[in-house]
Amino acid sequence: MEKDKISIIIPVYNTERYLERCITSLLNQTYKNLELIFVDDGSTDKSMEILKNAQKKDKRIIVINQKNSGPSAARNKGMRICTGQYIMFCDSDDTVKPNWCETLYKTIKTYPDAWVICGITVLAADEKVLYTNKETEGIYSKKHYFQIFMRGLSGSVYNKIYCARILKKYNIQFDISRIRGEDVLFNINYFSYVKNIVVIGEELYNYYRYDIYETLTNRYHPDDFQLLKNLYLRRLKIIDPDNINEFRYHYWSLFWKELGNTMNADPSIKLIQKVLINHKILCDSEFQDLLKSYGKKEMDKYSYFALSNKYFCLYWIIQKISFLKRKNMQKEKK
């Protein structure tokens, strides 16, 4: 059953605190025919030393060093040199269950034309389980993508197994120009070449959330809305018509939330910059389209008037007045 080799690609950047734990979980896999490709992305800590020591103990470990270029470039480099029939991905500060490889491998061997997905456990640094992302086990048509998306299972690459033949044949790679959202686009490209979705009901991947204020994915970026819009448009093309309305409403909530995210962002960003960023959002055609479809039903007429006419300052004043009124009402109740 283990004649096929699985290549696991792990980008590494300054994760010396967690790296040994990750390596141990990979070496403890019940599926043994593995190729563990660690791509050190210019770490300045002891990550490379840890990798070289691990390599001495297990010949399945391959260590590559590259100038700091980001995780996408690291993963692409790993894919270029890997020799496995199947490819999986892991982050160097996470861990996996012992049957992670074996379970996904057996599933894709049974359903070779499927997008094979497992559940995810999200943990805090102290190992406390924060929540799980999972879907009911089963075989689904591609129409089920929306449900997978809503369960938080569609975007990541570490809870899936990929056929190397498909990746190479269609030259599917990570977009190195992106520092966020690259996993989603990689998966959407791969999704084009599968026939159905197979979900493993078990949570086999452990994703750790460390200091929320230090992680790249949780920091505010001025181009957050543009990234959000790009992912919306890409996903919109593969959403089943029956789910379009719910999908668009979901993204409307995210679009609307971005206005507040901008204003509450890092104090080092000047107020005038924040206002200009939000004015640009209001001028976006996709924002206005979703505003007309869903916003009018959810906000007061003054707020809707301000947003639909692209008067962000007026909108923000209305929100502040509304907030103060609610605050005073709560005080009076006490």
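Keep in mind that what you see is a predicted model, and the values were worked out from it rather than measured. (Residues numbered from 1 in each chain as written. Predicted model: local features only at pLDDT ≥ 70, side-chain atom pairs only at ≥ 80, totals over all residues. Heavy atoms only, no water.)

This part covers the confidence of the model for the protein. Considering every residue of the protein, the mean pLDDT works out to 93; 96% of them sit at 70 or more. Confidence over residues 212-218 falls short of pLDDT 50; this stretch has 7 contacts with residues more than four positions distant or in other chains. (pLDDT = per-residue confidence, 0-100. Contact = heavy atoms within 4.5 Å.)

Okay, the pairing of strand 1 (residues 6-12) next. Buried residues dominate strand 1, accounting for 7 of its 7 residues. Burial of the side chains of strand 1 extends over both faces: Ile-6, Ile-8, Ile-10 and Val-12 are buried on one face and Ser-7, Ile-9 and Pro-11 on the other. Across 7 bridges, strand 1 lies against strand 2 (residues 34-40) in parallel orientation. Paired with Ile-8 across the bridge in strand 2 is Leu-36. (Buried < 20%, exposed > 50% of the residue type's maximum accessible area, 1.4 Å probe, protein only. Helix = DSSP H or I, 4+ residues; strand = E, 2+ residues; numbered from the N terminus. Pairing = 2+ DSSP bridges.)

On to the side chain of Ser-156, then. Here Ser-156 shows up in the loop between helix 5 (145-150) and strand 9 (160-163). By relative accessible area, which is 9% here, Ser-156 ends up buried.

Under the definition given, this model contains 34 aromatic pairs. Both rings, one in Tyr-232 and one in Phe-247, keep their centres 5.7 Å apart while their planes meet at 10°; by these two values the pair is stacked. Taken together, the residues Tyr-232 in helix 8 (residues 224-236) and Phe-247 in helix 9 (residues 244-263) connect sequence positions 15 residues apart. Neither residue differs from the other here; Tyr-232 and Phe-247 are each classed as buried. Over the aromatic face of Tyr-208 sits the side chain of Arg-21, whose NZ or CZ is 4.0 Å from the ring centroid. (Phe/Tyr/Trp six-rings, centres within 6.5 Å; stacked < 30°, edge-to-face > 60°. Lys NZ or Arg CZ within 6 Å of the ring centre and 35° of its normal.)

Quick look at unusual backbone geometry now. Of note, Asn-14 is a non-glycine position whose phi angle comes to about 50°, a positive value. Considering the arrangement of structural elements, one finds Asn-14 in the loop between strand 1 and helix 1 (19-27). Judged by its relative accessible area of 29%, Asn-14 is partly exposed. In this structure, Asn-171 is a non-glycine residue whose phi angle is positive, near 50°. By the secondary structure assignment, Asn-171 is in the loop between helix 6 (164-169) and helix 7 (182-191).

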